[in-house]
Amino acid sequence: MTLKNMLVAFALGSMALLSAGAGPGFAQESHIGNLTGHAESGKQLYRRYCVGCHGPDGDSNGENAQWIDPKPRDFTLATFKCRSTPTGTLPTDQDLYNAVERGFVTTNMPSWRPLTPQQRADLVAFIKTFSPRWKTDKAGTPITIPAETPITLDSIQHGRVLFQKMECWKCHGAAGHGDGPSAATLTDSKDNPIRPYNFAVGSRFKCGETNQDLYRIFMTGLDGTPMPSFADVIQPNDAWDLVHFLRTLQPMDTKEAEIWKAYVAAHGADLKPIGPDSAGGGK
Amino acid sequence: MSRSFPIGANAGKWLFVNSILVCWVLMLAIVGGSRTPAQAMPIPRVKAIPAFARKYGLPCSACHTAWPELNNFGQVFRDNGYQLMNDRDSPIWQNPSYFPISFRITPIWHRESTSNQPVDSIPGGGAGSTTVPGTVTQAGFDLSGMDLWSAGTIYKNISFVLLPSSDPTAVWHFESAFIRFDNLKGNPWFNLKFGRFELDNLISEKRFLFLSNNGGIYQIYHYNVPGSSNDFGYGDNQIGVEMAGHSKNSYTRYSVAVVSSNEGGVNFTTDVVPGAAPGNRTYDVNLAFSQAFNGGSMGLERFEAFSYIGQRPSYYQTSAGTQLVGLGNGPFYRVGFAGDLFLKKLELLPLFMHGHDNVYLGNSTPSNQPLPSGAQAPSFNGGFLEAHYYVNPQLVFLGRFEKINVGTQANSANPSDYGNVTAYAVGYRWYPIMFSRAGLAFHNEYAISKSIGIVPLSGDGTGLPPLPLPNSQNVWSSSLLIGFDFAF
């Protein structure tokens, strides 16, 4: 076989393989700031990065999904935990973009910050092709987060009262360890077992890490999980008080923790325990 | 709604259709190699670690543009100490049966041909036979070397790599073995690595896409001017300590490594296998800095500057003629810059390097003895431009052009182009299997190099034995390779 023949064989084989790469087109777009994401570009990226867990059809049936806990998101349902929009509504493109960038702590979903902003925007556009809801519904209007109230002992103590009163402890446990009496029975909207957040394990939440993120989480709820929206139940100031108390449950050096530790050191014996036997969980 | 990705459950259909093409190309290529003495297949320098895919459930393509080459997500993962930083990295989160081990080997068919080799004028030698230049060609089925990878985290922010590697005859050595303390003080800018490791180079020869004898090395990474006793190769693993850091997305990266001046050798020698010359007692320094920029819809664009400053002995302390310790160290350096540039599906990898050796090293002369007439400190300039076109995550076309020119000859009497190298390589890799458990690639590659007056740096980077050739004689060496590259 001559060198010329080998090169011809190589070229023909290459062309034949090259021709196998075509695919269908998608018109869906996403809009994040000045970025416009295109589903067609996102398809290639989805295939590269996401398909192993979320599956070729976006239905969370990727070849690796069976081994994952918690399970990957089912994009065909268009139900998303992390939103800035009211419960039951579609998230904004920015919400999905933030989720892709942030990842989800204590899950198999990593942060995709190493991708360029354009690539993340393209992925968001493609994710929106999996459910017809994106054609019929509009994204909800993001909730307004008022300015944070001052972090004071009174605020933290009132937050503790709310933690008892609103029965957060039933799932999250009296100390926020995710071990409340209902914790073992919880399932998500696909009947998969789900664990409530354990505040003792770290500083990050699935949907962010700031006080604003925490406020947003219980004012919008985490759709598809047992975590409801409390937007119709508590007032903004009360919500900030709850945020301040929840921060004391985390192993962090925060102003909330500093204030609370000093109070507990002096008055810990006076605190009523949180739980079913407590009338008020208060001071 | 189905998108029929050729992965997972749909892989079978693709496999059938493409198998016809694969077999066709394979058969065409196989029919016709002539048969004469063999050249060794290089040890695979390439690294892809399905153990990580199994741990995190991500497909190969999440971390690799085309495995084993890393994309930026893979780079961040590596920079973080093989951690996704999702608070599930510590082994305590893994199923107890999980063991972070992978292996990789490539059954191949290849054809190697090199011109102007010293052969007997009468095959078999004997009376009347003389040594004449001839072309040596060999072809046949073969194996690559094998990598047996173990890598991962020992604990959160403590990672490790252990890589025993063998040549095709199963002679093993430790290609890499290090422990790394990650995110010291919770800061990604401080990570300490200790052991034997690859230098922090933007364009890695350990994770690149070429496999053949001629294409499977970057010539510039192993080049030394003819006559030099310097054994340094920028692509070779070194042994020492490295401090490295990076921004959260690894757009900005730096590393400072202090390594023994013994070419990564173990047991105080200059190699990882028995019988090597002893090393010396000094240290080399490698510096690298890279910065990436967001290229919008084009992709990520990264640039790097690097330098390696080292020493090598020019003679040895001896005992009854036996070499004991390298002495008379002569300095040398390599400096350069590189890029990793994306134009959507097209990736360009340019690199330029300048090298300079001490005059004693360059002339293989002990520094306690006089230099030969005409001796001078040699230098060279060279580089390459490599291109990858990603049709999709499972098909990539490759090409590379490489050129090295000697700037200053080790001896002024040498022709100015003595030792110059020109090399080309083209190929493609098709990945019919790309699960989060294992990977398989069909690999087809052709590479050819021309070196003037010297044997080519084909194969394992050390080249064939020196030939008594005129220093202006062109030596052509070509490789054609077809193989199934798999990692589990």
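Just so it is clear, the model here is predicted, and its values are computed rather than measured.

*Asks:* Provide a residue-level description of the overall build of chain A, including the pertinent values.
*Replies:* Along the backbone of chain A there are eleven helices and two strands. Counting helices and strands in the order they occur from the N terminus, chain A gives α-β-β-α-α-α-α-α-α-α-α-α-α. Residue pairs at least 24 apart in sequence account for 62% of intrachain contacts in chain A once pairs closer than 6 positions are excluded.

*Asks:* Tell me what's going on with the overall build of chain B, and back it up with residues and numbers.
*Replies:* A tally of regular secondary structure across chain B gives six helices and 20 strands. Split into buried and exposed, the 488 residues of chain B put 51% on the buried side. The long-range fraction of contacts in chain B, counting pairs at least 24 apart against all pairs at least 6 apart in sequence, stands at 64%.

*Asks:* Tell me about the domain arrangement of chain A, and please be specific about residues and values.
*Replies:* Residue and element names in this part refer to chain A. If you check the domain split of chain A, you get domain 1 (29-136) and domain 2 (153-270). For domain 1 and domain 2, the distance between their C-alpha centres works out to 26 Å. Contact residues are listed per partner, giving 16 residues for domain 1 and 17 residues for domain 2. Of the residues belonging to the side of domain 1 that touches domain 2, the class tally is six nonpolar, five polar and five charged.

*Asks:* Would you mind going over the confidence of the model for chain B in detail, with residue names and values included?
*Replies:* All names here are of chain B. Of all residues in chain B, 87% attain a pLDDT of 70 or more, and the chain-wide mean is 87. In the model, residues 1-46 has pLDDT below 50 throughout and makes 86 contacts with residues more than four positions away in sequence or in other chains. Here residues 459-464 scores under 50 on pLDDT; set against residues more than four positions off or in separate chains, the count is 15 contacts. ipTM for the predicted complex: 0.79, alongside a pTM of 0.84.

*Asks:* If you had to explain the pairing of strand S5 (residues 158-166) of chain B to someone new, which residues and values would you point to?
*Replies:* Residues and elements named next belong to chain B. Of the two faces of S5, the one holding Ser159, Val161, Leu163 and Ser165 is buried and the one holding Ile158, Phe160, Leu162, Pro164 and Ser166 is not buried anywhere. Pairing geometry for strand S4 (residues 131-155) and S5, over seven bridges, is antiparallel. Bridge pairing links Ser150 to Leu162 in S5. Two elements, S5 and strand S6 (residues 172-181), share nine bridges in a ladder whose sense is antiparallel. Note that in S6 the partner of Ile158 across the bridge is Phe181. Between S5 and S6, which pair antiparallel one after the other, the connecting turn spans five residues, and Ala170 there sits at a positive phi close to 65 degrees.

*Asks:* Go over the confidence of the model for chain A with me, naming the residues and quoting the values.
*Replies:* Of the residues in chain A, 89% reach a pLDDT of 70 or more, and the chain-wide mean stands at 88. Counting interchain partners and residues more than four positions distant, the pLDDT-below-50 stretch residues 13-25 of chain A has 18 contacts.

*Asks:* I'd like a rundown of the environment of Ile158(B), residues and numbers included.
*Replies:* Residues and elements named next belong to chain B. Inspection of the secondary structure assignment puts Ile158 in strand S5. The exposure class of Ile158 is partly exposed, given the 15 C-beta atoms found within 10 Å. Each C-alpha atom, one on Ile158 and one on Ala375, is 49 Å from the other, the two residues being 217 residues apart in sequence. Filtering out sequence-adjacent residues up to four positions away, Ile158 remains in contact with Thr153, Phe181 and Asp182.

*Asks:* Could you give an account of helix H11 (residues 255-267) of chain A, naming the residues involved and the relevant values?
*Replies:* All names here are of chain A. In this model H11 runs 18 Å from its N-terminal to its C-terminal C-alpha over 13 residues, within 8% of the 18 Å that 1.5 Å per residue would give. Listed in full, the buried residues belonging to H11 are Glu256, Ile259 and Trp260. Buried residues of H11 fall within an arc of 90 degrees about the axis and therefore sit on the same side. Residues of H11 that are exposed and angled more than 90 degrees away from the buried face: Glu258, Ala262, Ala265 and Ala266. Where H11 is buried, its residues meet helix H7 (153-165) and helix H10 (236-248).

*Asks:* Give a detailed account of the nonpolar core, specifying residues and quantitative values.
*Replies:* Membership of the largest hydrophobic core comes to 127 residues, with the highest contact counts inside it found for Val124(A), Ile220(B) and Val396(B). Among all residues touching Val396(B), those that are not within four sequence positions of it are Ala66(B), Leu209(B), His388(B), Tyr389(B), Tyr390(B), Val391(B), Tyr428(B) and Arg429(B).

*Asks:* Describe helix H4 (residues 72-79) of chain B, listing the residues and the values that go with them.
*Replies:* Residue and element names in this part refer to chain B. Of all eight residues in H4, eight are buried, a share of seventy percent or more. Residues of H4 that are buried include every one of Asn72, Phe73, Gly74, Gln75, Val76, Phe77, Arg78 and Asp79, and no others. Packed against the buried residues of H4 are helix H3 (60-63), strand S1 (64-66), strand S2 (69-70), strand S8 (238-246), strand S9 (252-260) and strand S11 (300-312). Directly beyond the C-terminal end of H4, a positive phi value near 80 degrees is found at Gly81.

*Asks:* I'd like a rundown of unusual backbone geometry, residues and numbers included.
*Replies:* Between Asp69(A) and Pro70(A) the backbone carries a cis peptide bond, its omega angle lying at 0 degrees. Counting through the fold element by element, Pro70(A) comes out in the loop between helix H3 (51-54) and helix H4 (93-102). The step from Trp67(B) to Pro68(B) runs through a cis peptide bond, and the omega angle for that step is 20 degrees. With respect to the secondary-structure elements, Pro68(B) resides in the loop between S1 and S2. Residue Phe268(B) is not a glycine yet carries a positive backbone phi of 60 degrees. Residue placement: Phe268(B) occurs in the loop between S9 and strand S10 (283-294).

*Asks:* Run through the pairing of strand S3 (residues 101-120) of chain B, naming residues and quoting values.
*Replies:* Residue and element names in this part refer to chain B. Pairing analysis gives 17 bridges linking S3 to S4, with the strands arranged antiparallel. Bridging across to S4, Ile105 finds its partner in Met146. Bridging between S3 and strand S20 (residues 474-487) involves nine bridges; their strand directions are antiparallel. Within S20, the position partnered with Ile108 by the bridge is Gly483.

*Asks:* I'd like a rundown of the environment of Val132(B), residues and numbers included.
*Replies:* All names here are of chain B. Turning to its location among the elements, Val132 is positioned in strand S4. On the basis of neighbour counts, which here come to 12 C-beta atoms within 10 Å, the residue Val132 falls in the exposed class. In contact with Val132, not counting residues within four places along its chain, are Val119 and Ser121.

*Asks:* Give me the packing of H10(A) against H11(A): which residues, what numbers.
*Replies:* When two helices pack together, their arrangement is given by the angle between the helix axes and by the axis-to-axis distance. All names here are of chain A. Where H10 meets H11, the closest approach of the two axes is 8 Å, and the angle between their N-to-C directions is 75 degrees. As judged from the angle between their axes, H10 and H11 are roughly perpendicular. For the pair formed by H10 and H11, the contact residues are His244, Arg247 and Thr248 on the first element and Glu256, Ala257 and Trp260 on the second. Considering only residue class, the contact of H10 with H11 consists of two nonpolar, two polar and two charged.

*Asks:* I'd like a rundown of the packing of H7(A) against H10(A), residues and numbers included.
*Replies:* All names here are of chain A. It is the contact of H7 with H10, at a shortest axis distance of 7 Å, that shows an interaxial angle of 95 degrees. Between H7 and H10, the crossing angle belongs to the class labelled roughly perpendicular. Two secondary-structure elements touch here, H7 through Ser155, Ile156, His158, Gly159, Arg160, Leu162 and Phe163 and H10 through Asp238, Trp240, Asp241, Leu242, His244, Phe245, Leu246 and Thr248.

Calculation criteria
Residues numbered from 1 in each chain as written. Chains lettered and ligands numbered in written order. Predicted model: local features only at pLDDT ≥ 70, side-chain atom pairs only at ≥ 80, totals over all residues. Helix = DSSP H or I, 4+ residues; strand = E, 2+ residues; numbered from the N terminus. Contact = placed C-beta atoms within 7 Å. Buried ≥ 20, exposed ≤ 12 C-beta atoms within 10 Å, placed from the backbone. Domains from an automatic or database assignment. Nonpolar A, V, L, I, M, F, W, Y, C, P; charged D, E, K, R; others polar. pLDDT = per-residue confidence, 0-100. Pairing = 2+ DSSP bridges. Expected span 1.5 Å × (residues − 1). Arc of directions from axis to C-beta. Core = buried A, V, L, I, M, F, W, Y, C linked by C-beta atoms within 7 Å. Axes fitted to C-alpha atoms, helices over the stretch in contact; angles between N-to-C directions. Parallel < 35°, antiparallel > 145°, perpendicular 65-115°, else oblique.

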